[in-house]
Structures are given as C-alpha cells and as structure tokens.
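Structural characterization, general
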Amino acid sequence: MLLQIAEPGESRVKEACKKRVVGIDLGTTNSLVAHFADGQPRVIAMPDGRDILPSVVRYQAGGDPTVGGAPDDGALQDGAITLSSVKRLVGRGVADLGAVRAMLPYEVVGDERAVRIPVPGRSPVTPVEVSAEILRVLKARAEHELGGEVEGAVITVPAYFDDAQRQATRDAGRLAGLEVMRLLAEPTAAALAYGLDRGSKGTYAVYDLGGGTFDVSILKLVDGVFEVKATGGDSALGGDDLDRAIASAVASEAGAELASWPRPRVSAAVAEARRVKEALTTADEVTFGLRGEGGPAITRVVRRQDLATWCQPLLERAGRACRRVLKDAELSAEELDGVILVGGSTRSPVVRADVEARFGRVPLSDLDPDSVVALGAAVSADVLAGGEQDVVLLDVVPLSLGVEMMGGVVEKIIHRNTTIPCGASQTFTTYADQQTGFDIHVLQGERETSDACRSLARFTLRGIPPMIAGMARVDITFLIDADGILHVTAKEQTSGVEAAIDVRPSYGLSDEEVERMLVESFEHAEDDLLRRNLAVERVEADRILAATRHAMAHDEGLLDDDVRRAATVAMSALEATLTGGDYLAVRHAIEALDLATKPFAQARMNRVLELQMHGRSLDDVERTLGVREPQA
C-alpha cells in the first residue's frame, strides 16, 4: 500500500476524491459551463466543438424541447415556437417587463406574480422552466466530460438581480437536477477569474455588457479577498438593445418606425442588425439587407462610424452608471488599476473605444469576455468543494433595505453597497397604548417614504403584552446570506415572543426599477427629506393631540378658563397645520400647544406630588430619597 507524505497543513485533496462541481454562466444570449482541473478553470465544449450554448429553447408540439441553435423570428412555424432572451423574464411579473415586452419575438401572459409563455400543444411554460431546460443540457454535457454525476454547481447572476430573480434562478437549477452551491454575481466571477489567472492585486472596474443586462462594479482584490466596493448598472443596455437601436435607425432612414412593422419583420430586422454588429467587429463596413416581406426591401451599407452614432445614446447611459458607481466607491477613474471587459457585446470596437475614453485606459481583455464569467464560477465552485485556492468573496447589497414606520416613512436597516453576508438590528417601540402586535412591512429602495419604495414582504408579530405607548421594545433584525437572500426576525424583549420570515417576493424587482430608484433617490433627495420630516411631525402631532384631549377630560377640574381657552385655540391651530405641507409649521404649532398647556401640566404634576406626599413626614421622604441615614 502506498501512503502520501506531506508537510503538516500541506496535504492535497486527491482529484479522484473531490466532488464533481461546475460553474455555470446562465446568460441571456449564450450559456457556458466550466470546471476546475489541473490548477486552472476551463470551459467544457459543446458537442459541436463550440464553448457556448445559445440560450434558445425550441418547443415542438408533441415533442421534447430542443436547446441551442440560432433564434428564429419566434413566430409559429410547423407548430413550434422558439424562446430566447428568457433571462430577462426570470423572477418578474408581467407589469415588471415594461419595454422588454415589446422587444420579445413571442407573446407573454400572466399577472403581477409570474410570467408565462404560451406554447402550442402544451401548457404555458414559465421562464424558470425554460431556464431549467438550458441548465439540463449544460449539466448533461459536464457529466459526459467529467465521467460522472455533477454534485454541485455555482450559477452566476447579474449583480442587480434582486431576491426574487435570484430565487427563480436557484429554482431553475433545482428543477434541472443541480445542487446550487451558490449564486455568484457575474462581475465578481469575472474578477475572480482575472485575479487568479493574473495574480492581480488592486482595484478594478468590471464592465459587463451582455446580451440582456449591463452591470458595472468596482472590486478590490487583496490577498485572495475579492471585495465589491460598489455596483450599478442599466438593464436596457444589453446586446439585444444595441441590435434594436441599429434596426430602428435603418428603419427610420427608410421612412418607417420599427414598432409599426409586423412582429416577424421586426424580428428579421433585429436579427440582421445583430449580424451586422458582429461583422463590424472585424470589418469597417457591412451591408445591411432586409427582404421585402411585410414591407419594402432595404439595403444599406453600415459603417463602424454609423454604429458608433446609433449606439451612442445607449453607451452614454452606460457612462452615467459608471460615474455613479465610481462616486459610490469614492474613487476616480485614475485611481483604478484596470478595467475588465465582460460579455459578448464588449467585443465591439465601438464599445471598447467608449470604455477606453471613459476610464482613460485600455481595458483588459486577456480572457475571452464570453467565457470569463463561467471560468470564475468554476473557480468559486472548486473553492466551495474544498479546493486548494484560498479565496474570500465579498459582494454588496444593490439597494437599501428597511421597514415602514408610522406616517409612512422608511427606516433603513441595511444600506446600499453594504458588504454581504451581513446583518443589522434596530429597536422599535409601540405607537398606541395597549398595542399587542406589530405589522412589519419590509421595503427596498433609496427613497424616504414607503410609497416610493418597493414592497418586499409583510408579516405580523403578535402576543406583545399590553403596555402604554413607548414602553414595548421590539428588536428587528435583517440578515442577508451569501446568496443575497434576506431573512427578517422580530422579537419583543419583555415577553420573548418572536416572528420571522424569509423574504421571497412573488415577483421580482426589475433592473429598470433598481436603476430608477437610484436615480430618483438623487433627484428627489430634498423633496423626500421634506416629506419624511412632515410625516414625522404629523405622527408626533397626532400623539400630542390625543394625549392632551385625554388629560383634559381626565383632570378637567385642574383647568381654569384661561388655560382651557388657550389650549383649545392651540389645538385648533395645530390641527389646521396638519392639512398643509410645511413641517416647520407643524413643529411650531406643537411648541405653541406645549406652551399653552404648561400651566395645566404643572397643575397635574403638583397634584401627583401631593398625592404621593399625603400622610408622610419629612423624615420618611428623606429616607426614601437617601438624603439622610436613619438614626440609631
């Protein structure tokens, strides 16, 4: 028998004993699977020899789905339908789709809870089911290559995916028969691949322009620790949107609006625009050709400068996101050590030139931008499976999380760009006397009022002992795990009663809403602060009015006519200010009421003291207060 000899702490896990794990980039346009072997990650090729698997599923009536191949125009052909760009629908309701819905070459139905896609000859399918079909093919290919069952997988997601979208991705993995070890942000995966491959240390921007999403993140790499300093993005900047911009420009030159064309012609124009965009990666000019089906035939020579002009509005929006994320990270472009390109759309010289101009440096492109995310996911999977790499991944929360308080204001508990996993607690109290429960409303967003933020979940804490207002103490704790899933706990200190919830909203927070929330948080900061202050003062005014009315009714005999009249006038004035929008007026009216009722409050206090002192000697009082020791 042979025994392996190694220095203490330097023994190596035998390759044959390690779990078979893979990293998967489940993309909008293409998907890849990779694994870690012989000290480095590598992509597992598909049967046709290509690394990528098109994220396209074709459903044939009465037959099994077919995965891969080029997306057609999406129309019904021979009882079949082809579904592409499904990643844009994962974890969303119909109302969340917005402009994305018009870009899809197929119909979608459903409600605010979920999206479904009608399929001829069978029940409608969900984006989770379509994604699972893609994952099954990747899993089968990996098992064929590795010679056994895949025991775990790390699946990448855009940095801006919210809890519902992450959970839907995890569900797709489980439906495909995968043990999802972790959901990893795509920019982090890319930095992980670059950091280990190049031995890099420093601060990097990851510019990820894929088929359906755009992410930009600032990451700091130090001694195997990958910390996300800030993240941002714009969901309307994928390669699909660049294709549509090209097709729209050509249609406009031909005297037509792209949206007015029949769906098959729109799909054909967008597909031709994609071909032209890809061809312009190496050529200076390419001919755009559209046959005359559903409209006049169009032929137009497209030059690289045309592409730059047509795509400039979209790239400018990417630039705004880059500026915001640098500001959040408190860095300038000059302080970065490099810019990493991720996503197939960054192959375009137009995009690369724009990135170079914005960051003032030539971006890194040593690794294939299509495969770098899958390579990083494979490294992460190897680490989780007990591999040799010593790596720590620190992601961040893309949007602040908090709870609604009285008056509709939001108290943020975990702030945007906080490193995860993380946790935070705050203590709250009751508003009304004898209150025995809390309705806890969990919110996500950057605005100061609940109606301007996104509702994630509600739950109730019951069984609180009845006390006077302000006496109960309820600790609310937010915990975010490594996958970005939020867990909320509420516990009353006196009784120990507790309630908890794992926040799993039935519909997702779309990327458009994330971006909109961030923009609005800056644009409306002053207005939000005024609304918050007004809400807080109104709550305080209602409390004081109720307490004053109760005291005047309970101790009516202590009121003289002058104080009663002054208090009544001050209460009426305070009530009048509540209908306005000036929080300072409400605050001044509260102070005026306090001044008017001060003699009444003193009379009540004197009465309490008289009752306490009745029948007691001065010596008793002094002994109670500890002023004088009792004499022997």
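Residues numbered from 1 in each chain as written. Predicted model: local features only at pLDDT ≥ 70, side-chain atom pairs only at ≥ 80, totals over all residues. Heavy atoms only, no water.

It is worth spelling out the overall build of the protein at this point. Of regular secondary structure, the protein possesses 16 helices and 28 strands. For the protein, the proportion of its 632 residues judged to be buried stands at 51%. Pairs at least 24 residues apart make up 65% of the contacts formed inside the protein by residues separated by at least 6 positions. Surface exposure of the protein reaches about 29200 Å², of which carbon and sulfur atoms provide 51%. (Helix = DSSP H or I, 4+ residues; strand = E, 2+ residues; numbered from the N terminus. Buried < 20%, exposed > 50% of the residue type's maximum accessible area, 1.4 Å probe, protein only. Contact = heavy atoms within 4.5 Å. Areas by Shrake-Rupley, 256 points an atom, 1.4 Å probe, with all protein chains shown as cover.)

Moving on to unusual backbone geometry. Backbone geometry places Ser85, a non-glycine residue, at a positive phi of 55°. On the accessibility criterion, Ser85 (12% relative accessible area) is buried. In the Ramachandran plot, Gln434 falls in the positive-phi region, its phi being about 60° despite a non-glycine side chain. When you line up the elements, Gln434 lands in the loop between β23 (422–428) and β24 (437–444).

Turning our attention to helix α3 (residues 127–146). In this model, α3 (20 residues) spans 28 Å end to end at C-alpha, consistent with the 28 Å of a helix rising 1.5 Å per residue. Every buried residue of α3 is listed here: Pro127, Val130, Ser131, Ala132, Glu133, Ile134, Leu135, Leu138, Lys139, Arg141, Ala142 and Glu143. Within two residues after α3, Gly147 carries a phi angle of roughly 75°, on the positive side. (Expected span 1.5 Å × (residues − 1).)

It is worth spelling out the pattern of salt bridges at this point. Going through the model one piece at a time under the given rule, you end up with 28 salt bridges. A salt bridge links Arg136 to Glu133; the shortest N-O distance between them is 3.3 Å. With Arg136 and Glu133 both in helix α3 and three residues apart, this pair spans about one turn of that helix. Glu253 is the salt-bridge partner of Arg300, the closest N and O atoms lying 2.8 Å from each other. Here Arg300 is found in strand β17 (residues 298–303), whereas its partner Glu253 is found in helix α6 (residues 239–253), with 47 residues between them in sequence. Connected through shared salt-bridge partners, Glu316, Arg323, Asp354 and Arg358 make up one network. (Salt bridge = Lys/Arg side-chain N within 4 Å of Asp/Glu carboxyl O.)

Axis separation between α6 and helix α7 (residues 263–279) bottoms out at 8 Å; the angle between their running directions is 105°. Classified by the angle between their axes, α6 and α7 sit roughly perpendicular to one another. On the side of α6, the interface is formed by Gly239, Asp240, Leu242, Asp243, Arg244, Ile246 and Ala247, while α7 contributes Val266, Ala269, Val270, Ala273, Arg274 and Lys277. Broken down by class, the residue content of the contact of α6 with α7 amounts to seven nonpolar, one polar and five charged. (Axes fitted to C-alpha atoms, helices over the stretch in contact; angles between N-to-C directions. Parallel < 35°, antiparallel > 145°, perpendicular 65-115°, else oblique. Nonpolar A, V, L, I, M, F, W, Y, C, P; charged D, E, K, R; others polar.)

With that settled, the discussion passes to the confidence of the model for the protein. Across the protein, the average pLDDT comes to 82, with 85% of residues at or above 70. By mean pLDDT, helix α11 (residues 511–523) is the weakest element of the protein at 52, and strand β1 (residues 21–26) is the strongest at 95. Confidence over residues 11–16 falls short of pLDDT 50; this stretch has six contacts with residues more than four positions distant or in other chains. (pLDDT = per-residue confidence, 0-100.)

Counting buried positions over the six residues of β1 gives six, a clear majority of the element. Of the two faces of β1, the one holding Val21, Gly23 and Asp25 and the one holding Val22, Ile24 and Leu26 are both buried throughout. Here four bridges tie β1 to strand β2 (residues 30–37), and the two strands are oriented antiparallel to one another. Across the sheet, the residue bridging to Asp25 is Leu32, located in β2. The antiparallel pairing of β1 with β2 creates a hairpin that spans three residues between the two strands. (Pairing = 2+ DSSP bridges.)

Here we come to the sheet that holds strand β8 (residues 109–110). Read from one edge to the other, the open sheet built from three strands follows the order β8-β9-β10, with strand pairing classed as antiparallel. Looking along the sheet, the strands with just one partner apiece sit at the ends: β8 and β10 (122–125).

Before going further, it helps to spend a moment on the sheet that holds strand β26 (residues 474–480). Pairing in this open sheet of four strands is antiparallel, and the strands run β23-β26-β27-β28 from one edge to the other. Each of the sheet's edge strands pairs with one partner strand only, and the pair in question is β23 and β28 (498–502). In this sheet, neighbouring strand axes are inclined to one another by 15° on average, regardless of whether the strands run parallel or antiparallel. In this structure, strand β27 (residues 486–492) lies alongside β28, joined through five bridges in antiparallel fashion. Looking across to β28, one finds that Lys491 is bridged to Glu498.

Looking now at a nonpolar patch on the surface. On the surface, a nonpolar cluster with roughly 280 Å² of combined accessible area is contributed by Met605, Val608 and Leu609. Its location among the elements puts Leu609 in helix α15 (residues 598–613). On the basis of relative accessible area, Leu609 is assigned to the partly exposed category, the value being 46%. (Patch = residues over 30% accessible without salt bridge, like charges linked within 9 Å, V, L, I, M, F, W, Y side chains within 5 Å.)

This brings us to the nonpolar core. Membership of the largest hydrophobic core comes to 48 residues, with the highest contact counts inside it found for Tyr207, Phe214, Trp261 and Phe359. Sort the elements by how many residues they give to this core and helix α8 (residues 304–328) lands first, with 11 residues. Within the second largest apolar cluster, 39 residues are counted, among which are Val67, Tyr106, Leu135 and Val150. (Core = buried A, V, L, I, M, F, W, Y, C linked by side-chain atoms within 4.5 Å.)

On to the packing of aromatic side chains, then. For the structure shown, the criterion picks out one aromatic pair. Summarising the aromatic geometry, the rings of Tyr207 and Phe214 are spaced 4.9 Å apart at their centres and angled 65° between planes, so their arrangement reads as edge-to-face. The two residues Tyr207 and Phe214 agree in class, both being buried. For the cation-ring pair, Arg265 lies above Trp261, with the distance from its terminal atom to the ring centre recorded as 4.4 Å. (Phe/Tyr/Trp six-rings, centres within 6.5 Å; stacked < 30°, edge-to-face > 60°. Lys NZ or Arg CZ within 6 Å of the ring centre and 35° of its normal.)

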